[in-house]
Amino acid sequence: MVVAVKVFKKTSPNGKVTVYIGKRDFLDHLDHTDPIDGIVVVDNDYLKGRKVYAQVVTTYRYGREEDEVMGVKFSKEMIVACGQVVPQLIKPEITTMQEKLLKKLGENAYAFTFKFPDMAPSSVTLQPGEDDQGKPLGVEYAIKTFVGDNEDDRGHKRSTVHLAIKKLQYAPQEYSRRLPSSLVSKGFTFSNGKINLEVTLNKDVFYHGDKIAANVMISNNSRKAVRNIKVYVVQHCEVTMVNAQFSRHVASLETREGCPITPGASLTKVFYLVPLASSNKDRRGIALDGHLKDDDVNLASSTLVPEGKCPLDAMGIVISYSLRVKLNCGTLGGELVTDVPFKLLHPAPGSMEREKSQALKKMKSIERAKYENSCYADDDEGNIVFEDFARLRMNED
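Trainee: Just to check I follow, could you spell out the overall build of the protein chain for this structure?
Mentor: Looking only at helices and strands, the protein chain features three helices and 22 strands. Burial statistics for the protein chain: of 397 residues in total, 44% are counted as buried.

Okay, here's the thing in structure tokens:
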């Protein structure tokens, strides 16, 4: 069986410059990040002594575009890597994919390779509300290729190519096997005894789409009664640029089963929750793993930092998760609340969980025909399939 390799391509409006990359998702392995490698094909007769430059650009939007007045901007655009591609000053080390493309595309093809800087933030998009206009808040990356006389030249739109890419973090191959837990108690001013609440999760690292099992143990040694139980999966976001923090519930349930828990009684029960992006559509402020295509959107992964680095040094939009259990002890008794932190990530490439996830994703994509309108050009030679970048994937409907 011959396996075709997918390569993404995009051409400038005037058709003179075309950029090819082997993937859109680049993985942060904590100790290193996948290099950004690709090919630029340019019509040499069009250059007329000019040069072709490539840049990796990140846009950090931390405020709504419609709120920008009197020249105040709520976004920062930074060039994290750049270089001259045509003519080449230094010949880069090429990958197998680049070598195949260079042979296939001819003498007008030139390779380029860039690296993400250390501690570069991951791609995160904050889901806009129904009334929000303009670009969504978050951290985005793009490869910009343009024709100009020097690096500072802005280039012309007709000869410029923008390719949106994502920088993602995956679960490490080895991680702690401990079971996260929390034990809290609540006493009451005018009565003796306490209500004890212990919550334990079945593991520390969960993958997108996993069912989270929370073992809840309640013992009531007070004179109050527990009326009901609420369980939430909470997504915590920290926008480092403006030092703002907020939280959103991405999964929840409320139950009266086993309630009221009267004085002297106890309850042990396992609650299951599945946090999904599809269950939070159109909810403003939900953090997503970038947003290139509607059918590959997940909730934003937990932010990881390399060993030896301080979590406070993380940049961009920092994401964390916790499971929150809330006991309602009546009007005068108030509430007893505890949070148990955990990590929500993608399975590591090559792991069994990753293979299962990819198989499930493939089945879903086959069933959802509305997302099958990408442009493909099959090519038997070299078993390479080219997919054109859609110009506005986020707004297609």
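Trainee: Sorry, what's going on with the pattern of salt bridges here?
Mentor: For side chains of opposite charge, pairing can occur when their charged atoms come near one another. Counting across every chain of the model gives nine salt bridges. Ionic pairing is found between D210 and K203, a salt bridge with its closest N-O pair at 3.4 Å. As a salt-bridge pair, D204 and K343 come within 3.6 Å of each other at their nearest N and O atoms. Residue D204 is located in the loop between β12 (191-201) and β13 (205-207), and its partner K343 is located in strand β20 (residues 335-345); the two are separated by 139 residues in the primary sequence.

Trainee: I tried to follow the side chain of T338 on my own but got confused; where do I start?
Mentor: Structurally, T338 is set in strand β20. Within the structure, the side chain of T338 is placed 2.5 Å from the side chain of S182, a separation counted as a polar contact. Every residue in contact with T338, bar those within four places of it in the chain, is listed here: S182, V184, L197, V199, L323, R324 and V325.

Trainee: Is there a simple way to think about the side chain of D289 in this case?
Mentor: Mapping D289 onto the fold places it in the loop between β18 (287-288) and β19 (317-328). Buried charge D289 goes without a salt bridge, the closest partner of opposite sign being K166 at 6.6 Å. Filtering out sequence-adjacent residues up to four positions away, D289 remains in contact with S123, K166, L168, H208, N298, L299, A300, S301 and H346.

Trainee: Please explain the sheet that holds β19 as it appears in this structure.
Mentor: Within a beta sheet, neighbouring strands are joined by backbone hydrogen bonds and run either parallel or antiparallel to one another. Reading across from one edge, β13-β20-β19-β15-β16 is the order of the five strands in this open sheet, with mixed pairing throughout. With one partner strand each, in any of the chains shown, β13 and β16 (244-255) form the two edges of the open sheet. The sheet shows a mean angle of 35° between the axes of neighbouring strands, taken without regard to direction. The sheet contact formed by β19 and β20 spans eight bridges and is antiparallel. Paired with L323 across the bridge in β20 is V340.

Trainee: Help me out: how do you make sense of unusual backbone geometry in this one?
Mentor: Excluding glycine, a negative phi dihedral is what most residues carry, and trans is how most peptide bonds are arranged. A cis amide bond links V86 with the next residue in sequence, P87, at an omega value of -10°. When you line up the elements, P87 lands in the loop between β6 (75-86) and α2 (96-105). The phi torsion at K48 lies on the positive side, around 50°, for a residue other than glycine. For K48, the position within the fold is in the loop between α1 (44-47) and β5 (51-61).

Trainee: Sorry, what's going on with the packing of aromatic side chains here?
Mentor: Aromatic ring pairs: the centre-centre distance and the angle between the two ring planes describe each pair. Considering all chains together, one arrives at six aromatic pairs under this definition. Measuring from centroid to centroid gives 5.4 Å for F206 and F342, while their planes differ by 85°, and the two rings are edge-to-face. With F206 in strand β13 and F342 in strand β20, this residue pair connects regions lying 136 residues apart in the sequence. As far as burial versus exposure is concerned, F206 and F342 are alike and both buried. Every member of this aromatic cluster is reached through a ring pair, and the members are F26, F116 and Y141. Above the plane of the ring of Y46 lies R50, whose end atom (NZ or CZ) is 4.8 Å from the centre. One Lys or Arg, K224, reaches over the ring of F188 and ends 6.0 Å from the middle of that ring.

Trainee: Hey, could you run me through the sheet that holds strand β11 (residues 181-188) in this one?
Mentor: Ordered by their spatial adjacency, four strands build an open sheet running β11-β12-β14-β17, and the pairing between neighbours is antiparallel. Of all the strands in the sheet, the pair left with one neighbour each is β11 and β17 (266-273). For this sheet, the mean angle separating the axes of adjacent strands, direction not counted, is 15°. Judged from the seven bridges that link them, β12 and strand β14 (residues 212-220) form a sheet pairing that is antiparallel. By the bridge assignment, E198 is partnered in β14 with M217.

Trainee: What should I look at first to understand the environment of T331 in this one?
Mentor: Looking at where T331 falls in the secondary structure, it is placed in the loop between β19 and β20. Distance in space between the C-alpha atoms of T331 and R227 is 9.9 Å, their sequence separation being 104 residues.

Trainee: Help me out: how do you make sense of the pairing of strand β9 (residues 138-148) in this one?
Mentor: Along any regular strand the residues' side chains alternate between the sheet's two faces. The element β9 is extensively covered by neighbouring structure, given that ten of its eleven residues are classed as buried. Two elements, β5 and β9, share eleven bridges in a ladder whose sense is antiparallel. Within β9, the residue paired with Y60 across the bridge is V139. Summarising the sheet, β9 and strand β10 (residues 161-169) pair through five bridges and their orientation is antiparallel. Residue pairing across strands places I143 opposite L163, the latter belonging to β10.

Trainee: Looking at this model, I keep getting lost on the environment of H346. Mind explaining?
Mentor: Along the chain, H346 turns up in the loop between β20 and α3 (352-367). Here H346 falls in the buried class, since its relative accessible area comes to 9%. Spatially, the C-alpha atoms of H346 and V205 are 9.7 Å apart, while their sequence positions differ by 141 residues. For H346, the residues in contact, after removing those within four places along its chain, are Q169, Y170, A171, Y207, H208, D289, N298 and S301. A distance of 2.6 Å separates a polar atom in the side chain of H346 from a polar atom in the side chain of D289.

Scoring rules and cut-offs
Counting restarts for each chain: residues are numbered from 1 in the order of the written sequence. At least 70 in pLDDT is required for a residue's local features to be given in this predicted model, at least 80 for side-chain atom pairs to be given and counted, and no such filter applies to totals for whole chains, interfaces and linings, which use all residues. To obtain the side-chain values, all non-hydrogen atoms of the structure were used and water was disregarded. Here a helix means four or more residues in a row that DSSP labels H or I, a strand means two or more in a row labelled E, and each is numbered from the N terminus. Exposure categories follow from relative accessible area, calculated using a 1.4 Å probe and restricted to protein chains: below 20% of the type maximum is buried, above 50% is exposed, and the middle band is partly exposed. By definition, a salt bridge exists where a carboxyl oxygen of Asp or Glu is found within 4 Å of a side-chain nitrogen of Lys or Arg. Pairs of N or O atoms are called polar contacts if they sit within 3.5 Å, as long as, within protein, a hydrogen donor faces a hydrogen acceptor (for residues adjacent in sequence, only side-chain-to-side-chain pairs). Any two residues whose heavy atoms approach within 4.5 Å are treated as being in contact. Positive: Lys, Arg. Negative: Asp, Glu. His and the chain ends are not part of the count. One bridge is not enough; two strands pair if DSSP finds at least two bridges between them. A fitted line through C-alpha atoms serves as each axis, taken over the contacting stretch for helices, and the angle formed by two N-to-C directions is quoted from 0 to 180°. Note on aromatic contacts: the rings of Phe and Tyr and the six-membered ring of Trp form a pair at centre separations within 6.5 Å, being stacked when their planes are under 30 degrees apart, edge-to-face when over 60 apart, and tilted otherwise. Two conditions define a charge located above a ring, namely a distance within 6 Å from the ring centre to NZ of Lys or CZ of Arg, and an angle within 35 degrees of the ring normal.

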